[in-house]
Amino acid sequence: MIRTRFAPSPTGNLHLGSIRTALYSWLYARNRGGEFILRIEDTDQERSTQEATQLIIDSMKWLGLDCDAGPFYQTKRLESYRKAAEQLITEGSAYRCYCSKERLTELREKQLANKEKPKYDGHCRDKNLLADKNQPFVIRFKNNQEGTVDFEDQVMGPLSFQNNELDDLIIVRTDGFPTYNFCVVVDDLDMKITHVIRGADHINNTPRQINIFRAFKTEPPIYSHVPLILGNDGKLLSKRHGAASVLQYKEEGFLPEALLNYLIRLGWSHKDQEIFSRDEMIKLFDVKDINKAAAAFDPEKLRWLNRHYIKTLDPKIVATYLEPLMQKLQINYQDGPSLEELVVALRERAETLVEMATKSRYFYEEFEQYQEEAKQHLKPEIAPITQALKQKLENLSDWTDENLHQTIEDIAKQFDIKLGKVAQPIRVAVTGTTVSPPLNVTLRLLGKQRALKRIDAALGYIKQSSS
Ligand code: GLU
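Counting of residues starts from 1 at the beginning of each chain's written sequence and follows it residue by residue. The predicted origin of the model limits local features to residues at a pLDDT of at least 70 and limits the giving and counting of side-chain atom pairs to 80 or more, whereas totals for whole chains, interfaces and linings rest on all residues. As a rule here, side-chain values cover all heavy atoms of the structure and leave hydrogens and water aside.

Caption draft 1: Quick peek at the overall build of the protein chain. The helix and strand inventory of the protein chain stands at 19 helices and 12 strands. Here the protein chain has a C-alpha radius of gyration of 32 Å; the compact-globule value for 467 residues is 23 Å, and the former is much larger. Considering only C-alpha atoms, the protein chain reaches an extent of 105 × 45 × 40 Å along its principal axes. For this analysis, residues touch if any pair of their heavy atoms sits within 4.5 Å. Nonlocal contacts in the protein chain, meaning residues at least 24 apart in sequence, comprise 74% of its contacts between residues at least 6 apart. Accessible areas in this description were obtained via Shrake-Rupley with a 1.4 Å probe; residue shielding takes into account the shown protein chains only. As displayed, the protein chain offers around 23300 Å² of accessible surface, 49% of which is attributable to carbon and sulfur atoms. Working convention for charge: Lys and Arg count positive, Asp and Glu count negative, and His plus the chain ends are omitted. Lysine's charge is taken at NZ, arginine's at CZ, aspartate's at CG and glutamate's at CD. Between the centroid of the 65 positive side chains of the protein chain and the centroid of its 66 negative side chains there is a distance of 1 Å. Helix and strand definitions here come from DSSP, where helices need a minimum of 4 consecutive H or I residues and strands a minimum of 2 consecutive E residues; each element is numbered from the N-terminal end. C-alpha atoms define the radius of gyration in this analysis, and the globule rule sets the expected value at 2.2 Å times the number of residues to the power 0.38.

Caption draft 2: View of the site of the ligand. Here, proximity means that at least one heavy atom of the residue falls within 4 Å of the molecule or strand. Contacts to the ligand come from R5, A7, P8, S9, E41, Y180, R198 and H202. Side-chain atoms alone can form a polar contact between residues adjacent in sequence; in general such a contact is a pair of N or O atoms within 3.5 Å, and within protein one must be able to donate a hydrogen while the other accepts it. Within the side chain of R5, an N or O atom sits 2.7 Å from an oxygen atom of the ligand. In this structure, a nitrogen atom belonging to the ligand sits 2.6 Å away from a side-chain N or O atom of E41. A 1.4 Å probe that fits into a set of points on a 1 Å grid over the protein atoms alone but cannot get out defines a cavity; an open set with protein on both sides within 12 Å along at least five of seven lines defines a pocket, and lining residues are those with an atom within 4 Å of a point. A cavity or pocket is said to hold a molecule if more than half of that molecule's atoms lie within 2 Å of its grid points. Cavity membership is defined here by more than half of the atoms lying within 2 Å of grid points; on that basis the ligand lies in the largest pocket.

Caption draft 3: Spatial organisation of empty space enclosed by the protein. Grid points are joined across faces, edges and corners, and a volume is the space filled by probe spheres set on the points. Summed over the entire model, instances satisfying the criterion amount to one cavity of 30 Å³ or more. In this structure, the largest cavity occupies an estimated 30 Å³ of space. Along the walls of the largest cavity sit F141, N143, D167, L169, R208 and I212, which together make up its complete lining. Note that Gly is not counted as nonpolar here; it falls among the polar residues with everything else outside the nonpolar set of Ala, Val, Leu, Ile, Met, Phe, Trp, Tyr, Cys and Pro and the charged set of Asp, Glu, Lys and Arg. Taken together, the residues of the lining of the largest cavity break down into three nonpolar, one polar and two charged.

Caption draft 4: Geometry of the pattern of salt bridges. The salt bridge criterion pairs a side-chain nitrogen of Lys or Arg with a carboxyl oxygen of Asp or Glu, the two atoms within 4 Å. This structure, assessed with the given rule, holds 35 salt bridges. For the salt bridge of D44 with R47, the shortest nitrogen-to-oxygen distance reads 3.5 Å. One salt bridge connects K390 with E394, and the closest N-O pair in it is separated by 4.0 Å. Taken together, the positions of K390 and E394, both in helix α15 (residues 383-395) and four residues apart, correspond to about one turn of that helix. Burial here depends on accessible area, computed with a 1.4 Å probe over protein chains only, as a share of the maximum for the residue type. Under 20% is buried, over 50% is exposed, and the range in between is partly exposed. Taking the relative accessible area as the measure of exposure, K390 reaches 12% and is therefore buried. When salt bridges that share partners are traced, they join R5, R39, E41, R77, D187, D188 and D190 into one network.

Caption draft 5: Inspection of unusual backbone geometry at higher detail. For the bond running from G70 to P71, omega is 5°, close enough to zero to count as cis. Tracing the backbone through its elements, the reader meets P71 in strand β3 (residues 69-73). Even without a glycine there, the phi angle at N128 is positive, about 50°. Mapped onto the elements of the fold, N128 is located in the loop between α4 (101-113) and β5 (138-141). A relative accessible area of 67% means that N128 is categorised as exposed. Positive phi, normally seen in glycine, also occurs at D416, with a value near 55°. Note on placement: D416 falls in the loop between α16 (401-415) and α17 (419-431).

Caption draft 6: Quick peek at the packing of aromatic side chains. Under the pairing criterion, centres of Phe, Tyr and Trp rings, with the six-membered ring standing for Trp, must be within 6.5 Å; the plane angle then separates stacked pairs below 30 degrees from edge-to-face pairs above 60, leaving the rest tilted. Tallying each qualifying case throughout the model produces 12 aromatic pairs. Lysine NZ or arginine CZ positioned within 6 Å of the ring centre and within 35 degrees of the ring normal marks a charge as sitting over the ring. Above the plane of the ring of Y120 lies R140, whose end atom (NZ or CZ) is 3.6 Å from the centre.

Caption draft 7: Spotlight on α15. Every helix has an expected span of 1.5 Å times one less than the residues it contains. Look at α15: 19 Å from first C-alpha to last across 13 residues, which is about the 18 Å you get at 1.5 Å a residue. Along α15, the positions that sit buried rather than exposed are I385, T386, A388, L389, K390 and L393. Elements in contact with the buried residues of α15: α16, α17 and α19 (448-466).

Spatial relationships are all this shows, so hold off on functional conclusions.
This is the structure we're talking about:
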């Protein structure tokens, strides 16, 4: 069975590059009916935080990237690494090294002075040194010094590394703590990972890891190294390019559907298709179609996709995403139209859900004053029109879109003016702004009582400002 994993280090915000590799690993497992595992690589205790771990878990939940096992924590697996290191020593694939810091520094300086690449010289390699509690030692992996490490990367193609370029890697430090490359191998082995999909920044770790796999007499997983994401200036994507952490997109009102769709296309394609539902992504994804070249982040396209999903997704679902943002903006959304109705009314005009929420306030709360640019629509000459409309509305028993539309049209006819000439002042009266959904829809959502009260208030405002 195929097993993939997402193995983030919880050392800060989860950014787009990381979550994209998570998406690809998840999709590959789902496409092949396999399993997807979450592993928190927290052995760097100085930089790892509980907060960052929580961000990873929350981000994956928000995006719907569910895992079949985990999260596993490396710090809870120290005993496995210790045993695995002992096994390698017993089998002659690793050794204890007592070289002092001073010796290693001297060695390094010498090599640099001779213009050689700094590398451990194998001083303790063949000495079979035993453990001495009273003296600090590290455990090093006995890397083959000859030949090459070759592997077929599913994205990058065939890759080859010279063994003599690889050091005798420290796998356990003097404090007994295992090191990164070693933990990854022991984990991938124990967790029966068949396919590793990760950022191209890990390519140089791969030959080292492959050698350790072989020392355990197993074949390594199949690797896919995904090119990195760049900003529009060709530099590695970072905050400077306006790329936020995953959860910040949630806070800014992006839909998980839009972010996933954006991320899958950033480095992968299927013909010239742009829109992919979750099911389609699962059905069509293959690592072989991941692009070799680095992709450039395009915030405009992400916004375009967000607009698309706001408009086309089931409004019930959009409403569930909108709710926490309404809470955050402290809009009293219990007192007014349902969020689902709100979404239907506003979805044509919103690029993000924050924008939608912000524009919805007048449906739920009274506004203090008319927007400055809206005031000009409340002129004395519209008072009679407003008065007439008010009367008609008062008598309207069935407060439906059609009836409201008819009523506005009747008034326009009666005064022999264009529909907009009636609609705009009334819009200002009931929303305080010049932009809203069609007036009949706006009136329906506001409800009769609220709408009439505001029209009354507008009549009062007109009277007061003309006197
Ligand atoms: N922990 C590594 C990272 O966050 C990933 C290692 C891997 O996928 O093998 O970059």
